[in-house]
Amino acid sequence: MADDGMLLNFEIPDAPLKTQVKFKGGRWRDRLKAQRSAKQSATPTKQPRGPSSAPHTHQHHDYDASRPTKRPRTDDGDSQRHAKLQKTAGSAVGAPSHALRTGQISSSLFSKNPTAVTDFENAPVVDDFEPAKPSNAPLSEEAESFFSLGLSRRIAQHLTTKLEMKAPTAIQKNTVPQLIKDDSDAFLQAETGSGKTLAYLLPIVHRIMALSVNPDGTLKDTKVHRNSGLFAIVLGPTRELCKQIAVVLEKLLRCAPWLVCTTVIGGESKKSEKARLRKGVNILVATPGRLADHLDNTKVLDVGTVRWLVLDEGDRMMEMGFEDDIKAIVGKIRAGKLLKENAEGVVLEGILPSRRVTVLCSATMKMNVQRLGEISLVDAVHITVSKTDVDGEAEAATEAAFAAPSQLKQSCIVTPAKLRLVTLIALLKSTFARRGSVMKAIIFISCADSVDFHYELLKDTKPPEPPAPDASPDKQGSHANTEQTVAPAAYVTSPANPKVVLHKLHGSLPQPVRSATLNAFAKCKDPAVLITTDISSRGLDVPSVDLVIEYDPAFAVADHVHRIGRTARAGRPGKAVLFLMPGCEEGYTSILPASTPIVPQLYESILQKGLATAVNLPSTYTSAETEKQTWTTRAESLQLHLEQRLLAAPSANADDDAEAEGQDQGKGSGKPKSKAKPKKKLAPENPLLVSGRQAFRSHIRAYATHVREERVYFDITQLHLGHMAKAFALRETPGGIGGGVSRRAHKATTSKGGSGGTAAANATAADGSGDGGEKKKKARSGGKARDDDDEDGVGNVDEDAAKRMKEKLKMMMNAAGEFNIG
Ligand SMILES: Nc1ncnc2c1ncn2[C@@H]1O[C@H](COP(=O)(O)OP(=O)(O)OP(=O)(O)O)[C@@H](O)[C@H]1O
C-alpha cells in the first residue's frame, strides 16, 4: 500500500547517486557531461548524505529535519496525513530564514521514471535550421503599400505616419480590396499574428469614412457623426479580446475623429453601457451574450443601419456556447429593412454595402466554424494567404491557414511527471539568465486552480512594494487590482535579471483584476512571466512575448496553435516549448502543425543548464548552496525545498484565524454562545498545501477532458498519480478527484505491474476515502478544474468525469459571468 512517489521522498539512498541517474539519448557530449557531473555529485567525500555524515553541503542548520522513517500509507484524511508529515519533516521548515539541509531527506527524483521513446540521438537540433522567413510579417515596402490597396490617402497616411506600419500583411493585402469593392460575405482565415484585425477594420472604416470624405480627400459638407447610425458590429469571444479590438479601432479612428466606437462587453453596469449607446455610436465591439441582451432590452440600440457584422475568433465563440446568441443577433440584424439613407437624409446607398455583409475570422478551422458559417454566411468568399503571397515565388498556392508562423521555433521537453516542476523552474531560470534575450514569457496551464498554485509557489514571499502615498489615484487603483496577481518572482531570477515579475490570469478573477493584470503584463518594463489558462490563448496581442511555454498541453490542437501564436507575431521571432511526459504523450508532436520539426529536448539538459548555478529562494528563505553543487543535487534540494514549503506549519496568525473562524461559526448558528456545540479544533493547514492539493485534483480532472481524437496521446489511464503529485510538490496523492478518474489511473498503474502498491494507495487517496469534507466542499463550490467548456472534451474515456465536469463548468459559467473561461 505504498505510493512510491511518496515513500521515495523519505528514502535515504544507500547507494551513491550515480546508480540512480540514467542518461539516455541526446548528443553524446551532453550525456558524457551529465554523467560526469552526476558522478561528481555522488562521490561520498564531496556529497555526504544522511544525518550522521556531516559536514552538509548547506551551511545553515537552523532546523533539524530529523530523518523520517519509511512508513506505510494510511487511509486517513488529508489533514491527519498532513499533521504526521509535518512532524516527520521537521516543524521549522517554513520558518523564515531557515535553510535546507540537503542530503538528509533525499527526494528520489531521478529513479523509477518511465523512459522516453523519442529517439533523441537522431533528433534535429534547434540550431540545425536556418531561420525561416516570417510568414505573418508585413510585406516588403517596395512591393506593397497601403495606398495600393484602394484605401483613402487619409487612412493610408495615418497608418504609415501615425501607426508606423509601412506595408500591409498578406491577409490585409488580400482582404482590404475585396471588402472595399465587393459586398459578399467573407470567411477570413490566416495564421495567428498576421494582422486579421486591421484586415477587416480597414475596409469598414474606409467605407464609413467615404460618407464624409470625397474621393480627392476633401471633406464633404455633411459629415456623418456619432448619431448618424450604427454601421458595423464586431463580435469577439472574450472581454479582453473585445477591448483589444476596440483599442486598435480607436487608434485607427484618430484619422476620422467624427466617428465613434464603443464596447458592450459586460463587467460594468448595463446602465452605463446604455448611456453610451444613447450618446450614439458608429462601430460597436461586443461580446455575444451582452449584445443579445442589449438587443432585447435596450430600445435605443437600432440595428437598421448596420451593414457589417464581424465574427472574430468564431470557433471560440461557438465553443463557449454562444451559438444561440449569435443566431439571435444575426436574425435581428437581417430582419430589419435595409435603409438607403439614414434619419438625417445622408445617402448610404452606393457608398456602404448594398446588403448586410458578414465577415467570419478564424486562424483555425474546426467543425464548429463550418456550423457558424452555415448560420451567418451567404455565398461567402474564402480569403486566405497563399505561399505566393508570402514568398513572392511562383509556386502553387498552398493554404497557410491552420499553420504556426514559420519563424516560430518549436521544441518539446520530454519530462517524467516527477521532474516537471523542477524542470519548469530550471527552464525559466536559464531563460532569464541573460538580460534582454527574453522579456516576456507566457506559461499555459490547464486550469485556474493550478494557475493559482503555481503563482503562489513561484512568487517571492515578500509582498511587492505598495505605491507611494502620493501616487496618482489611477496608480493606487491599479495596485489594488493587481495586489493578488502581480508579484516579484523567486527561483527564476539571475544575477543578470534580479527582477522578474510574475503575473497570473484566469477567468475566475474579477474583471477589473483581469484587465489590470493584463495591462500590467503588457506594460511591464522588467522581464515578465504570465501564468495563465486558455483565457489568454485567443487574440491576446502583447508585442514583446518572446516565449510561450505549454506546461500543460492544450486540450485540442487548434488551441495549441492559438497558444503558441501569442509569440512570433507580425513577423517577429518567437519560441514555443511544450512539456510532454514520456510515453503516449510523445506521439502528440506528430499531429502538430509546424513548418520546421518540433525539436525534442532532454529534460536533463534543461536541468543542467538551468541549475548550473544556485537557485534564488524566496526572500524569507536563506539559500546556503555552494558553487560546488551539481545540477542533480540542486534539482533534488529544490524539490525538497518546495515540498517542505508546503508542509511547513502555517503562520501563527493562521491559528488565531482558525479559532476566530470557529467562534464565528458558533455565532452564525444562531444559538446562544454558551450553548453552541464546542467545535473540535482542526489543525490549521498551510494554505499552499491546500492550494497544491486543489490544483492537483483540478489538473487530473482537466486531463480527462482532452478532445476525443487526441486522447490516444493524453490517456488518463497512463497517468501515474503518485508521480504527478510530485509535480505539485505534494508528498502524498490527494484524494477527492472523483468522477472515476482515479480508478482509471489506478487500473493502469496496477496492470503495468511494479507499482501495484502505489496504485492501490493512489486509489484510496484519490477516491477520497477520508477526504469527504474536501469532496463535499468541492461539490459545493462548483470547482474550477478546467474552466473551459469544450464540447469536444466529453467522450467515452471517462464519461462520468466529463459529465460532472460539464455540470461544474456550467455552474461556473453561470455563476461567474459569461466569459469566465479561465
Ligand atoms: N501591416 C502591419 N504592419 C505591422 N504590424 C502590423 C500590421 N498589421 C498588424 N500588425 C500588428 O500585428 C500584430 C498582430 O495583429 P492582429 O492581432 O490583428 O493579428 P491576428 O491575425 O488577429 O492574430 P490572432 O489570430 O492571434 O488573433 C499586432 O500587434 C498589430 O499591431
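Fair warning: this is a prediction, and the values are worked out from it, not measured in the lab.

Draft legend 1. Main features of the UniProt feature "domain: Helicase ATP-binding" (unreviewed entry) in the protein chain. Residues annotated in UniProt with the feature "domain: Helicase ATP-binding" (unreviewed entry) correspond here to residues 177-383. For residues 177-383, helix accounts for 40% and strand for 14%, while the C-alpha atoms at its two ends are 11 Å apart.

Draft legend 2. Broad picture of the nonpolar core. Counting residues in each nonpolar core, the largest one holds 187 residues, and the members touching the most others are Leu 188, Val 205, Val 310 and Val 529. Ranked by residue count, the leading element in this core is helix 6 (residues 196-209), at nine residues. The contacts of Val 310, once residues within four sequence positions are left out, are Tyr 200, Ala 232, Val 234, Leu 235, Val 359 and Cys 361.

Draft legend 3. Summary view of the sheet that holds strand 2 (residues 232-235). One open sheet accounts for seven strands, arranged 3-4-2-5-6-1-7; its pairing is parallel. The sheet is open, and its two edges are formed by strand 3 (261-264) and strand 7 (381-383), each paired on a single side. If you compare each strand with its neighbour and ignore which way they point, the axes differ by 15° on average. Looking at chain direction, strand 3 and strand 4 (residues 283-286) are connected through four bridges and run parallel. Paired with Thr 263 across the strands is Val 285, a residue of strand 4. Taken strand by strand, helix 12 (residues 367-376) contacts strand 1 (186-189), strand 5 (308-311) and strand 6 (357-362), and its axis lies near 175° from that of strand 6.

Draft legend 4. Representation of helix 9 (residues 288-297) within the structure. For helix 9, the complete set of buried residues consists of Pro 288, Arg 290, Leu 291 and Ala 292. Close packing links the buried residues of helix 9 with strand 2, strand 3, strand 4, helix 10 (314-319) and helix 11 (323-335).

Draft legend 5. Region of the structure containing the environment of Thr 287. Inspection of the secondary structure puts Thr 287 in the loop between strand 4 and helix 9. Under the C-beta neighbour-count criterion, Thr 287 is labelled buried, with 27 such atoms within 10 Å. On a C-alpha basis, the gap between Thr 287 and Phe 322 in space is 9.3 Å, while along the polypeptide they are 35 residues apart.

Draft legend 6. Geometry of the packing of helix 15 (residues 448-458) against helix 22 (residues 687-703). Contact geometry for helix 15 and helix 22: axes closest at 8 Å, N-to-C directions at 145°. Where helix 15 crosses over helix 22, the handedness of that crossing is left-handed. Across the interface between the two elements, Asp 449, Ser 450, Asp 452, Phe 453, Glu 456 and Leu 457 from helix 15 touch Leu 688, Ser 691, Gly 692, Gln 694, Ala 695, Ser 698 and His 699 from helix 22. Of the residues in the contact of helix 15 with helix 22, the class split is four nonpolar, six polar and three charged.

Quick notes on the rules
Residues numbered from 1 in each chain as written. Predicted model: local features only at pLDDT ≥ 70, side-chain atom pairs only at ≥ 80, totals over all residues. UniProt positions renumbered as here; feature names shortened; annotations may be inferred. Helix = DSSP H or I, 4+ residues; strand = E, 2+ residues; numbered from the N terminus. Core = buried A, V, L, I, M, F, W, Y, C linked by C-beta atoms within 7 Å. Buried ≥ 20, exposed ≤ 12 C-beta atoms within 10 Å, placed from the backbone. Contact = placed C-beta atoms within 7 Å. Pairing = 2+ DSSP bridges. Axes fitted to C-alpha atoms, helices over the stretch in contact; angles between N-to-C directions. Left-handed = near helix turned anticlockwise from the far one by under 90°. Nonpolar A, V, L, I, M, F, W, Y, C, P; charged D, E, K, R; others polar.

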